[in-house]
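# An overview of the molecular structure
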Amino acid sequence: SWCLAGEKTVCPANSTSPEGSGSRDACQCLSGFSGASSSCSACHPGSYKPSLGSADCSLCGAGTFSPRVGAMLNSSCQACPGASTSPPGSGAAANCTCDPGFSGSACGPTPVSFSVTKPDFVLLEDAGTVVISDVTGLVSSRTSFYSFSVTVDSVTAGLLMGAPVVSSDGALTLTVAADASGGAMLGVTLHEPGDAAAGITAEDFGPLPLSLTISDVNDPPSFVLNTSLLITTLHPFGFFDGRGAVGHFEPSMHSVSVRGAAFILPGPEAEAGQRVSFELAQVSGATGLVNNGPMMTEDGLLLMQLAGTGDNGEDRSGEMVFSVVAVDDGGTAEGGQDRSAPQQISIVVAKRPGAVQSMRLQQTGGGMVLITFSHPHTTASSALVYPVLSFTITTSASSEGASAASTISVPASACPAGLCAITTPGVAAGSVRIVSVSAKNIAGGSVELELGVRMVGPPAAPRNVTATQGSHPLTGTTQVHVRWVLPADAGDGLGGAADRALLERQLLEVSCLGATAQWNVSGSADAATLLATWTGDDSLELGLAGQPALLCAAGEQLSFRIRAYNMLESVVGAGAWSAPVGERALGVPSEVREVVAEEREGDVLVRWAAPLDSGYGDATATLAGYYVEASLCATFSDSVECETSGHTFTLVEVEGDSGELSAPVANLAPAKRHHLRVRALNQVGAGAAGAGVRQGFKVPVVTVAPASFPVWIASSPEYLHVWGAGAWQ
């Protein structure tokens, strides 16, 4: 209470004040109460307040409870029984709950258990991987850490793939093998590992049985289709598709039988007893190519009958596309399938091309061979439907040791305007490059056209070259005769006369004093005669008729060589030069010197000195001899101006190596005046005549006496010492 002006006032309910209080504000709530002094409320169950004042009541701690109202002490909070707990501020024992794994009023250990909510279930064949939820339920476990295991107690062989599993949330996962059906018995067990810290031991529950049934469902049939079939009507006894199919073609009936499908299966092994048939329907392409069919037998044999030739007399050709579906007799119950997915087969009826046209082989530079040919002859219709796609070119060589044959494919697009030109490596000269070409279209290859070309190289060198100087037998003109043996090989490695016919020309080259002249001669020639013209300064102009001349000088060295060219000169070039041969330029000798004549008995002895130049510009050339001439005419001719016609001169030949520079001249005309001269002779001709001698000879003559006066009278004895006496009458 409190006193004011001597009047005592009592504090509000559930509050008190200290002794001597003089105002209402001195009033405070009692222990076990809280709030303002004018309105103190008792602490609720689960709380307490030990002190005076307006402070809030304190809550009992977690795991305790207090049913008292207005509790003043902490000791009023009682502990929860057993393995249980309560939230702070609990006001009754009912607020205490058992810890996980414990149950009952005393919160003792809880037993482990669960139930199977779906003990029997059925799946369809080919279900694959399946997840079935809530297979287990009503799980009783002491902790949140538990798991399930599954055992397979019995199962149809091959039914399941891998082991079934059950997750902690009760979902069963299993995989059914493809095309399998049957049943399985499974066992499911709950495993709880316990909690040692909480005093919970590990415990299992189960197994509980689980039945699985996989029902059979019809599977669609399957097969492997030959998707591309090519029938070529050019082949008389069969046809080839070029892609694996082989069949039989009857020309008389145009019947075709070919394996169209293989690996035909009605379904999995359980459906092996079912029968399979085929349905074919044309989806695109040409019509009129077949009379009957096509149809497919149960074992996959494709049968059809071709329509034969068209209105133009040619075999029909074109492409047909058919849809093929396999059908079994297993039905469609339970969602089964008795039809396969459609597949398409392309059937092409075509003709092979003919042989290529205008094929030609030509050797080109670098040892290559140019192959030219044109497209096969085709009719407008066949060219439009199945044109040539490519050309197959096979090359080989006939020579020993040649490389193996090689084959290339050239697309038809590489042959503009239908003309093909392909270059292929050649082989060694003398070998034969063999080339075969065939055209190819969708139906296959044509007949091969084969040609060969002998490879040609440059000719070999001419052999045994010689050069000989001489004079023309009639004109006496100086000549150089060059002779040689034709090359042993004209370039094709054959040799002989046929080989030499390949030679086109030969080039004769002569050099002198650093200058060179070349003259063309025919390919078959083995000799050439050069004409030499000597000028006054001992210079020689040597040349071949109608071609430029070479200037040389007497005694200088002439060098001769020759090379050959064959008909492929522009491709293989010139042949090798022959070995050079040398010859000094030889002119006619100069004039002899000091010519004198001496009368003798019965003849005249002529003496002379050798020329200073025997042909080489000096006296080193060998002389063949000398001409000693005696003539009644000063011009040494038989013209009418001479004293006597018919017998104008006498010629005496003296060998150049006789060592004698004299010669007797006999049989001169008696009593006549003669002119004498001497000329030196070498292999190119006679030199000029120098100053001769003139000598008159009066030879005795016969004097005729009358018959009636026989007398022997000699003629004038003027030259008796030379010629002797005249004849007696």
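The structure we're discussing is the one just above.
Scope of this entry: the structure provided in the associated data block.

Thresholds, definitions, all that
Residues numbered from 1 in each chain as written. Predicted model: local features only at pLDDT ≥ 70, side-chain atom pairs only at ≥ 80, totals over all residues. Heavy atoms only, no water. Disulfide = S-S within 2.5 Å. Buried < 20%, exposed > 50% of the residue type's maximum accessible area, 1.4 Å probe, protein only. Helix = DSSP H or I, 4+ residues; strand = E, 2+ residues; numbered from the N terminus. Pairing = 2+ DSSP bridges. Contact = heavy atoms within 4.5 Å. Salt bridge = Lys/Arg side-chain N within 4 Å of Asp/Glu carboxyl O. Polar contact = N/O pair within 3.5 Å; in protein donor to acceptor, adjacent residues only side chain to side chain. Core = buried A, V, L, I, M, F, W, Y, C linked by side-chain atoms within 4.5 Å. Axes fitted to C-alpha atoms, helices over the stretch in contact; angles between N-to-C directions.

### Here's the deal with the state of the cysteines
Taken as a whole and judged by the stated rule, the model has seven disulfides. Disulfide partner of C415: C420, at an S-S distance of 2.0 Å. Measuring handedness by torsion sign, the sulfur bridge of C415 and C420 sits at about 110 degrees and is right-handed. In this pair, the class of C415 matches that of C420, namely buried.

### So, unusual backbone geometry
Looking along the chain, the bond that leaves G206 and enters P207 is cis, with omega of 5 degrees. Along the chain, the position of P207 falls in strand β23 (residues 203-215). For D134, which is not glycine, the phi torsion reads 55 degrees and is therefore positive. Mapped onto the elements, D134 comes out in the loop between β17 (129-132) and β18 (136-140).

### A few points about the pairing of strand β16 (residues 120-124)
Of the two faces of β16, only the one carrying F121 and L123 is buried; D120, V122 and L124 on the other face are not. Bridge count for β16 against β23 is five bridges, and the pairing is parallel. Directly across from V122, in β23, lies its bridge partner T213.

### Side note on the environment of S590
Inspection of the secondary structure assignment puts S590 in the loop between β50 (581-584) and β51 (593-600). Note: C-alpha distance between S590 and S614 (24 residues apart in sequence) is 6.5 Å. If we ignore the near neighbours within four places in the chain, the residues touching S590 are P611, L612, D613, A680 and A688.

### Some points on the pattern of salt bridges
All told, the structure shown has seven salt bridges when counted by the stated rule. A salt bridge links E569 to R505, with the nearest nitrogen and oxygen atoms 2.8 Å apart. Placement of E569 in helix α3 (residues 569-572) and of R505 in strand β44 (residues 503-512) is noted, with a sequence separation of 64 residues between them. Among the ionic pairs, E509 bridges to R561, the shortest N-O distance being 2.7 Å. Highlighted residues: E509 in strand β44 and R561 in strand β49 (residues 557-566), separated in sequence by 52 residues. Here E509 falls in the buried class, since its relative accessible area comes to 9%. Classification of R561 by relative accessible area gives partly exposed; the value is 27%. Via salt bridges that share partners, E629, R677 and R679 belong to a single interconnected network.

### Concerning the side chain of S346
Within the fold, S346 resides in strand β33 (residues 343-350). Not counting residues within four places of it along the chain, the set of residues in contact with S346 comprises T227, S228, L229, E319 and M320.

### A word on the side chain of S84
The topology assignment puts S84 in strand β11 (residues 84-85). A polar side-chain atom of S84 sits 2.3 Å from the main-chain carbonyl oxygen of P81. For S84, the contacting residues outside a window of four places in its chain are C96, T97, C98, D99 and C107.

### Considerations on the nonpolar core
Within the largest apolar cluster, 30 residues are counted, with the highest numbers of intra-cluster contacts made by V482, W484, V510, L530 and L558. Once residues lying within four places of it in the same chain are set aside, the contact partners of L558 are V510, S511, C512, L542, L550, C552, V581, G582, E583, R584 and A585. Within the second largest apolar cluster, 25 residues are counted, among which are V112, V130, L159 and V176.

### Structural notes on the sheet that holds β50
Judged by pairing direction, the sheet is antiparallel, and its four strands sit side by side in the order β45-β44-β49-β50 without closing on themselves. On the outer flanks of this sheet lie β45 (515-522) and β50, each paired with one strand and no other. Neighbouring strand axes in the sheet, compared pairwise and without regard to direction, differ in orientation by 25 degrees on average. As defined by bridge partners, β49 adjoins β50 across four bridges and the pair is classed as antiparallel. Across the sheet, Q557 pairs through a bridge with R584, a residue of β50.

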